[in-house]
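One-letter residues, chain by chain:
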Amino acid sequence: MSTDLGTPAVLSPDEADRAVRLAAPRGYCAGVDRAVITVEKALDLYGSPVYVRKQIVHNKHVVSNLESRGAIFVEELDEVPEGQTVVFSAHGVSPAVHAEAAERSLKTIDATCPLVTKVHHEARRFASDDYDILLIGHEGHEEVEGTAGEAPEHIQLVQGPQDVHKIEVRDPARVAWLSQTSLSVDETRETVAAIRERFPELLDPPSDDICYATQNRQLAVKEIASDADLVIVVGSGNSSNSVRLVEVALEAGAKASYRVDDASEIDEAWLDGVRSVSVTSGASVPEDLVEGVLQFLSERGYPDAQAVHSAEESLIFALPPELRRDMRTAQGG
């Protein structure tokens, strides 16, 4: 902002004290990036329509953009015409869904995040060793349904410490736990601790199931939330990791925290008396939505955001093998 004479405008004392901090890392993780690119490449390769079972990732803007390019999102496979191409979402599916697709002669491309696939492998291994498996997660979440479907006779859902007293197992010495990858790290540890109190011989998975991106984004929001008047989390309401970021921000000391799909959902009343604003986004959020929030703040007298780096991410996942094979064939390779 400047005067007609070209000299810089003087900020009011209120504006001069304002600060905006931006979490880094934030937004797309490797699994989300892979899943979205999978649908885009499938549309380029096979043409429209390409069907997608469930939301490819939990972000309504991503889904809307892919729909505009010819993707058709369905809840179940019986909505897909026989012989058509269907992409399985990043959250994974159960063996029963794979079997149904085969029965209906559907061409499938599995965009399940490799970190979710790892949990599926662990579920099958624990089940083959005849363990009772306690799956920590949220009822109804696609990832939980997919993992539970790997060994339904062995798996029971535990949504939090409040469920631990209801657990029933065949042998207290043969109990293992797994978790949904997008949970709060702290909440999961609390649940595991409560389970271990009941079952001291509880077997841990070979590696932490909470995905690296979820952990990094929770650590990053802690960095920017402790002395923030307001933390804005960009992400959709059905995104478990985005919802968790709001909770983590409040637990870390933020005076207020809200989740928005985009800048249009920001209530200007949230900014009353607010000097320090921190911004982050869930793992399925494109960066342009974050930029829209920063522009909203800029137009209301808040300065350019200062990035706060808490971790570096360089992981990239290869596209699904069935898609890579068809791309090579199309290129004459």
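Scroll up to find the structure.
Conventions we followed
Residues numbered from 1 in each chain as written. Predicted model: local features only at pLDDT ≥ 70, side-chain atom pairs only at ≥ 80, totals over all residues. Heavy atoms only, no water. Buried < 20%, exposed > 50% of the residue type's maximum accessible area, 1.4 Å probe, protein only. Helix = DSSP H or I, 4+ residues; strand = E, 2+ residues; numbered from the N terminus. Pairing = 2+ DSSP bridges. Axes fitted to C-alpha atoms, helices over the stretch in contact; angles between N-to-C directions. Expected span 1.5 Å × (residues − 1). Contact = heavy atoms within 4.5 Å. Phe/Tyr/Trp six-rings, centres within 6.5 Å; stacked < 30°, edge-to-face > 60°. Lys NZ or Arg CZ within 6 Å of the ring centre and 35° of its normal.

Asks: Honestly, the pairing of strand E8 (residues 175-179) in this entry has me stumped. Any pointers?
Replies: Here is the key point about a regular strand: its side chains alternate between the two faces of the sheet. Of all five residues in E8, five are buried, a share of seventy percent or more. Going residue by residue along E8, you find Val175, Trp177 and Ser179 tucked away on one face and Ala176 and Leu178 tucked away on the opposite face as well. Relative to E8, strand E6 (residues 132-136) is paired through five bridges, and the arrangement is parallel. What sits directly across from Ile136, in E8, is Ser179.

Asks: Any chance you could explain the sheet that holds E6 here in plain terms?
Replies: Each strand in a sheet pairs with its neighbour through backbone hydrogen bonds, running either in the same direction (parallel) or in the opposite one (antiparallel). Across the sheet, three strands lie side by side as E7-E6-E8; this open sheet has parallel pairing. This sheet does not close on itself; its edge strands, each paired only once, are strand E7 (155-158) and E8. Going across the sheet, the axis of each strand differs from the next one's by a mean of 30 degrees, ignoring polarity. As judged from the four bridges shared by E6 and E7, these two strands associate in the parallel manner.

Asks: Looking at this model, I keep getting lost on helix H7 (residues 185-198). Mind explaining?
Replies: Here H7 is 14 residues long and its end C-alpha atoms lie 21 Å apart, about the 20 Å a rise of 1.5 Å per residue gives. Packing partners of the buried residues in H7 comprise E6, E7, E8 and helix H8 (212-225).

Asks: How should the sheet that holds strand E3 (residues 71-74) be read in this particular structure?
Replies: Overall, parallel pairing links the four strands, which are arranged E3-E2-E4-E5 in an open sheet. Of all strands in the sheet, those bounded by a partner on one side alone are E3 and strand E5 (107-110). Here the average twist between neighbouring strands, direction ignored, is 30 degrees. Pairing between strand E2 (residues 50-53) and E3: four bridges, direction parallel. The residue bridging Arg53 from the neighbouring strand is Val74, located in E3. In the packing of helix H2 (residues 30-46) onto the sheet, the strands contacted are E2, E3, strand E4 (85-88) and E5, and the crossing angle to E5 comes to about 150 degrees. Across the sheet, helix H4 (residues 95-103) lies against E2, E4 and E5, angled at about 175 degrees from E4, the strand it touches most.

Asks: Help me out: how do you make sense of the packing of aromatic side chains in this one?
Replies: To describe a pair of aromatic rings, one takes the distance between the centres and the angle between the planes. Overall, the coordinates contain two aromatic pairs when judged by the stated rule. Where Phe126 meets Tyr131, the ring centres are 6.0 Å apart and the plane angle is 50 degrees; that geometry is what we call tilted. Take Phe126: its relative accessible area is 0%, and that puts it in the buried class. A centroid spacing of 3.9 Å and a plane angle of 5 degrees characterise the contact between Tyr258 and Trp270, whose relative ring orientation is stacked. In this pair, Tyr258 is assigned in strand E10 (residues 257-260) and Trp270 in the loop between E10 and strand E11 (276-281), connecting sequence segments twelve residues apart. Assessed through its relative accessible area of 32%, Tyr258 is described here as partly exposed. A cation sits over an aromatic face here: Arg174 above Tyr131, 4.3 Å from the ring centre.

Asks: Please clarify how the environment of Asn65 should be interpreted in this entry.
Replies: Note on placement: Asn65 falls in helix H3 (residues 60-68). For Asn65 and Ala330, which are 265 residues apart along the polypeptide, the C-alpha to C-alpha distance reads 25 Å.

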